[in-house]
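If you want the building blocks of each chain, they are given just below.
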Amino acid sequence: MSETPHRTMLDRMLGAARLDVATFTEVEHDTTLTGQAAGVVVIVALAKAIGAVDVGIGSAVGAAVVSLVGWLIWAGVTYLIGDKVFGGTATWGELLRALGFAQAPGVLMVLAFLPLAGLLTFVVGVWTLAAGLVAIREALDISTLKALGTAILGWLALVIPLVLLEMVGPG
């Protein structure tokens, strides 16, 4: 029987924001936490929408849906690259949960309406990237360098098609 104390979703979000390896290991292995990981993604999307104050409720809901779909796609692409290219050992679900919790620093975007929003956006972006790298490294059981390669190749795999669509799209 496990001696681990009961941890709440907030505890896990704070652990992920602190880049705590044990937190990422916990969410990676606990299949019951997929819903909580999705909850983190939605909470962050809503925080961003609130921080943008001029958006309506429809935009906030849209942001949550787009964030969830983006999270699913990002985890899938990252899983394929990390597993097939860099020899990682995770399942898609393990990576999905870890990357969901890695978005926890984005909650601070609720403050984006304040002065220095650009600085906040930059700091939260770098912080979330760092959490994502820890999540990728821990979930896939690969080195930090391989996690960085996975993240970069995954980002390129998602951005290049979008740029190409933008170039050939209506306009």
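Residues numbered from 1 in each chain as written. Predicted model: local features only at pLDDT ≥ 70, side-chain atom pairs only at ≥ 80, totals over all residues. Heavy atoms only, no water.

**Some thoughts on the overall build of the protein**
Secondary structure assignment for the protein yields seven helices and zero strands. Shown N-terminal to C-terminal, the secondary structure of the protein runs as helices and strands in the order α-α-α-α-α-α-α. Taking 171 residues into account, the globule formula puts the C-alpha radius of gyration at 16 Å, and the protein, at 16 Å, falls close to it. By its C-alpha atoms, the protein is 55 × 35 × 25 Å across when sized along the principal axes. Within the protein, buried positions represent 38% of all 171 residues. (Helix = DSSP H or I, 4+ residues; strand = E, 2+ residues; numbered from the N terminus. Rg over C-alpha atoms; globule rule 2.2 N^0.38 Å. Buried < 20%, exposed > 50% of the residue type's maximum accessible area, 1.4 Å probe, protein only.)

**Considering the environment of A17**
One can find A17 in helix α1 (residues 9-17). The buried category is assigned to A17, whose relative accessible area is 15%. In this structure, the C-alpha to C-alpha distance between A17 and A112, residues 95 residues apart in sequence, is 18 Å. Ignoring anything within four residues of it in the chain, the contact list for A17 reads P105 and W127. (Contact = heavy atoms within 4.5 Å.)

**Thoughts on the nonpolar core**
One finds F24, L95, L99, F101 and I136 to be the most contacted residues of the largest nonpolar core, which totals 30 residues. Residue assignment for this core shows that the elements contributing at least two residues are α1, α2 (21-29), α3 (34-51), α4 (57-85), α5 (92-102), α6 (117-140) and α7 (144-168). Considering every element that reaches this core, the biggest residue donor is α6, with seven residues. Residues contacting F101, with those up to four places away along its chain left out, are M9, R12, M13, A16, V27, L33, Q36, A37 and V40. (Core = buried A, V, L, I, M, F, W, Y, C linked by side-chain atoms within 4.5 Å.)

**A word on unusual backbone geometry**
Its identity as a non-glycine residue notwithstanding, L19 has a phi of 60°, on the positive side. Checked against the element boundaries, L19 lands in the loop between α1 and α2. Residue L19 is classed as partly exposed on the basis of its relative accessible area, which comes to 30%. A positive phi is found at L116, a non-glycine position, where the angle reads about 70°. Assignment of secondary structure puts L116 in the loop between α5 and α6.

**Points about the packing of α5 against α6**
The contact between α5 and α6 brings their axes to 8 Å, and the two run at 160°. Between α5 and α6, the interaxial angle falls into the category roughly antiparallel. The handedness of the crossing between α5 and α6 comes out as right-handed. Facing E94, L95, A98, L99 and A102 of α5, the residues of α6 in contact are T128, A131, G132, A135, I136, A139 and L140. (Axes fitted to C-alpha atoms, helices over the stretch in contact; angles between N-to-C directions. Parallel < 35°, antiparallel > 145°, perpendicular 65-115°, else oblique. Left-handed = near helix turned anticlockwise from the far one by under 90°.)

**Quick look at the packing of α1 against α2**
Remark: α1 packs on α2, axes separated minimally by 7 Å, with the N-to-C direction vectors making an angle of 125°. What the angle tells us is that α1 and α2 run oblique. Considering the relative orientation of α1 and α2, their crossing is left-handed. Touching R12, G15 and A16 of α1 are T23, F24, E26 and V27, all from α2. Grouping the amino acids of the contact of α1 with α2 by side-chain chemistry returns three nonpolar, two polar and two charged. (Nonpolar A, V, L, I, M, F, W, Y, C, P; charged D, E, K, R; others polar.)

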